[in-house]
Amino acid sequence: MGYPTETDIVSTADPAVSRAPATTSWRWLRLAVSFPALMAVLLIAVALIGAESRLIDPDTWWHVAVGEQILKTHTWPTTDTFSFTARGAHWIAYEWLGEVFLALPAQAAGLVGLAWFQKAIVVVISLLIYLYSYLVCGNSKAACIASGVVLPLAPVTFTLRPQMFGYIFLLLVLICLQLFRQGHEKALWFLPPLFVIWANTHGTFVFGLFVIGVCWVTGLFSFRAGGLIAQKMPQPQRVKLLLTLMFCVLALLITPYGSQIAAYPFEMATAQPLNIANIQEWQPLSLAFPAGMYVLVFAIALFLAQIVLQLSYKLEEIVLLTFALYAAVAHLRFAMIFVLFVAPVVASILARWVPPYNPAKDKFLLNVAIISLVLVVLIKFRPSERQLEASLALDYPVQAVQYLREHPQPVGMFNEYGWGGYLISQLGPDQPVFIDGRADLYEYSGVFPDYMVAASGQLAALRILARHDIRSCVLNRSSALAALLVQSPGWKQVYSDDLAIVFTHTGHFLS
């Protein structure tokens, strides 16, 4: 596919611009208030509104704590220091750079800093989806509409975790490969340094390698079968792309942990069955959720479009789209992969009917007015620190933590899985946790299966608590274990609010 034919970047050849000073700064100013820029602002607004309720993930807290520890000690963790159940066990910060990125705004401005940082990430991802779709279809209007149509799926994964950086890096890889196809071969130079950063940030680098590999493999063939087209890549380009892929693989070794980080995604896929089977984000995308229905509608719409419009697809597009659909259906957390790969496909379809942008018809003053209004509204209705804290208290034991600060418990406190990271961030090393979101650590140490039994609220839970010498528990008041302890001798309720309940053990454990 060649360069986009639409003149979205206003040139001095356009009559509307030839009358203005032909300077670089003027052209950039015109671009900043053009209709494509207005569409970008509206797209950002839609994305920010959709992501508003997905600020803090349970894992955000321990990621921030690890990042703060690295910044404070200037060392990389090799053993666990946050729990009493796996303390001293081998554990490395596989996403250490992403955790440092999260710790910086947290240290600078606390909860408000994290909220603004999340918004910045959402903005960057939305703009990159828009840009990538435009590079593929050559029509900024179609690209914006397509991005807006698929973005409602994104909030499922718009959580403040290192994986968000991985989606940014994946989009950058897709953009570089698209530029490479269009003749900008130097775009490949950007990829190996990107993978150095990516490998130290999040394990989604495997998707980047996969995309480059698919691009190279599909470039080996040339055929047409119905609407499926494969175009052989010239040998010099194939060699350059293969060398780039090799350098990207070597870049994965430039980490403080050697090759351990590069191996972790494969280790997780094969050696953590409890994690995959029990953590919600690893569950299949169910039709009971709006996201599941949305993916189904997209799949049906693309199928019908193929029947009615007799569309043609490149082999690479079909491979990536099929993989994205499988990844989203298999695991909820990969819904974003589907968003990234389907957006340019939808944009290319829409470009058949959506007229291209015409700079000569642009209403720059109107654009400025609308852009200004949208930005003012977004800023005016941003959540305050008080609102963020109130929202936080709906999901995390904020008041119970205050009680625990005033009434410190002895080491040996059982906690909810989803609260472990929050307790780490709020109570620090003085109150180590039973478990938190580092499921790999607790599965390998045998703590995860014990937690599952204890959380079930069956009588066997009492034996698990005794085995770990649990002296207190901070639980969701609606949990099965809380219901069991209310009726169990030797356990006393010492604190309760609308969300959390705290128990202490007052006698000897029953055998």
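Further up the page is the structure itself.
Residues numbered from 1 in each chain as written. Predicted model: local features only at pLDDT ≥ 70, side-chain atom pairs only at ≥ 80, totals over all residues. Heavy atoms only, no water.

Let's talk about unusual backbone geometry
As a rule of thumb, non-glycine residues mostly have phi less than zero, and peptide bonds are mostly trans rather than cis. Although it is not a glycine, histidine 74 sits at a positive phi angle of roughly 55°. When you line up the elements, histidine 74 lands in the loop between helix 4 (58–73) and helix 5 (96–137). Residue classification places histidine 74 among the exposed residues on the basis of a relative accessible area of 66%. At glutamine 310, a position not held by glycine, the phi torsion is positive, near 50°. (Helix = DSSP H or I, 4+ residues; strand = E, 2+ residues; numbered from the N terminus. Buried < 20%, exposed > 50% of the residue type's maximum accessible area, 1.4 Å probe, protein only.)

Overview of the pairing of strand 7 (residues 500–505)
Judged by how many residues are buried, strand 7 sits mostly within the fold: six of six residues are covered. The side-chain alternation of strand 7 yields two buried faces, one formed by Ala500, Val502 and Thr504 and the other by Ile501, Phe503 and His505. Sheet topology note: the strand 5 (residues 472–476)/strand 7 ladder contains five bridges and is antiparallel. The residue bridging cysteine 473 from the neighbouring strand is phenylalanine 503, located in strand 7. Sheet topology places strand 6 (residues 491–496) next to strand 7; five bridges connect them, and they run antiparallel. The residue of strand 7 that forms the bridge with serine 496 is isoleucine 501. A loop of three residues connects strand 6 with strand 7, the two strands running antiparallel in sequence. (Pairing = 2+ DSSP bridges.)

What about the packing of aromatic side chains?
One pair of aromatic rings is described through two measures. These are the centre distance and the angle between the planes. For the structure on display, the rule yields 22 aromatic pairs. Through a chain of ring-to-ring contacts, three or more aromatic side chains come together here, namely Phe84, Phe414, Tyr417, Phe434, Phe448 and Tyr451. Above the plane of the ring of tryptophan 91 lies arginine 438, whose end atom (NZ or CZ) is 4.9 Å from the centre. (Phe/Tyr/Trp six-rings, centres within 6.5 Å; stacked < 30°, edge-to-face > 60°. Lys NZ or Arg CZ within 6 Å of the ring centre and 35° of its normal.)

A few points about the sheet that holds strand 3 (residues 313–314)
The pairing of strands in a sheet comes from backbone hydrogen bonds and takes either a parallel or an antiparallel form. Taken in spatial order, the three strands line up as 1-2-3 in an open sheet, and their pairing is mixed. Of all the strands in the sheet, the pair left with one neighbour each is strand 1 (223–225) and strand 3. When strand 1 meets strand 2 (residues 228–230), the two strands line up antiparallel, connected through three bridges. When the sheet's bridge partners are listed, phenylalanine 223 is paired in strand 2 with alanine 230.

Regarding the packing of helix 13 (residues 290–309) against helix 15 (residues 335–350)
Helix 15 packs onto helix 13 with a crossing angle of 30° between their chain directions and a minimal axis gap of 12 Å. One finds that helix 13 runs roughly parallel with respect to helix 15. Helix-helix and strand crossings are classified by hand; for helix 13 and helix 15 the assignment is left-handed. Contact residues: helix 13 offers Val295, Phe298, Leu302 and Leu309, while helix 15 offers Phe338, Val342, Val345, Val346 and Ile349. For the contact of helix 13 with helix 15, the per-class residue count stands at nine nonpolar, no polar and no charged. (Axes fitted to C-alpha atoms, helices over the stretch in contact; angles between N-to-C directions. Parallel < 35°, antiparallel > 145°, perpendicular 65-115°, else oblique. Left-handed = near helix turned anticlockwise from the far one by under 90°. Contact = heavy atoms within 4.5 Å. Nonpolar A, V, L, I, M, F, W, Y, C, P; charged D, E, K, R; others polar.)

Here we look at the sheet that holds strand 5
In spatial order, the strands read 4-5-7-6; together these four strands make up an open sheet with mixed pairing. Each edge of the sheet is formed by a strand with only one pairing partner; in this case those strands are strand 4 (413–415) and strand 6. Strand-to-strand twist across the sheet, computed as the mean angle between neighbouring axes with direction ignored, equals 20°.

Notes on the packing of helix 9 (residues 205–218) against helix 10 (residues 235–251)
Any two packed helices are characterised by how steeply their axes cross, that is the angle between the axes, and by the distance between the axes. Closest axis-to-axis distance for the helix 9/helix 10 pair is 10 Å, and the angle between their directions is 160°. One way to sum up the angle between helix 9 and helix 10 is to call them roughly antiparallel. In this structure, helix 9 meets helix 10 at a crossing whose hand is left-handed. Across the interface between the two elements, Leu209, Ile212, Gly213, Cys215 and Trp216 from helix 9 touch Arg238, Leu241, Leu242, Leu245, Cys248 and Val249 from helix 10. Residue classes in the contact of helix 9 with helix 10 are distributed as nine nonpolar, one polar and one charged.

Regarding the pattern of salt bridges
Scanning all chains against the criterion turns up ten salt bridges. In this structure, the salt-bridge partner of glutamate 281 is arginine 161, at a minimum N-O distance of 2.8 Å. In this pair, glutamate 281 sits in the loop between helix 12 (273–278) and helix 13 while arginine 161 sits in the loop between helix 6 (140–150) and helix 7 (163–181), placing the two residues 120 residues apart along the sequence. With a closest N to O distance of 2.2 Å, glutamate 316 and arginine 181 form a salt bridge. Taken as a pair, glutamate 316 in helix 14 (residues 315–330) and arginine 181 in helix 7 lie far apart in primary sequence, 135 residues in all. (Salt bridge = Lys/Arg side-chain N within 4 Å of Asp/Glu carboxyl O.)

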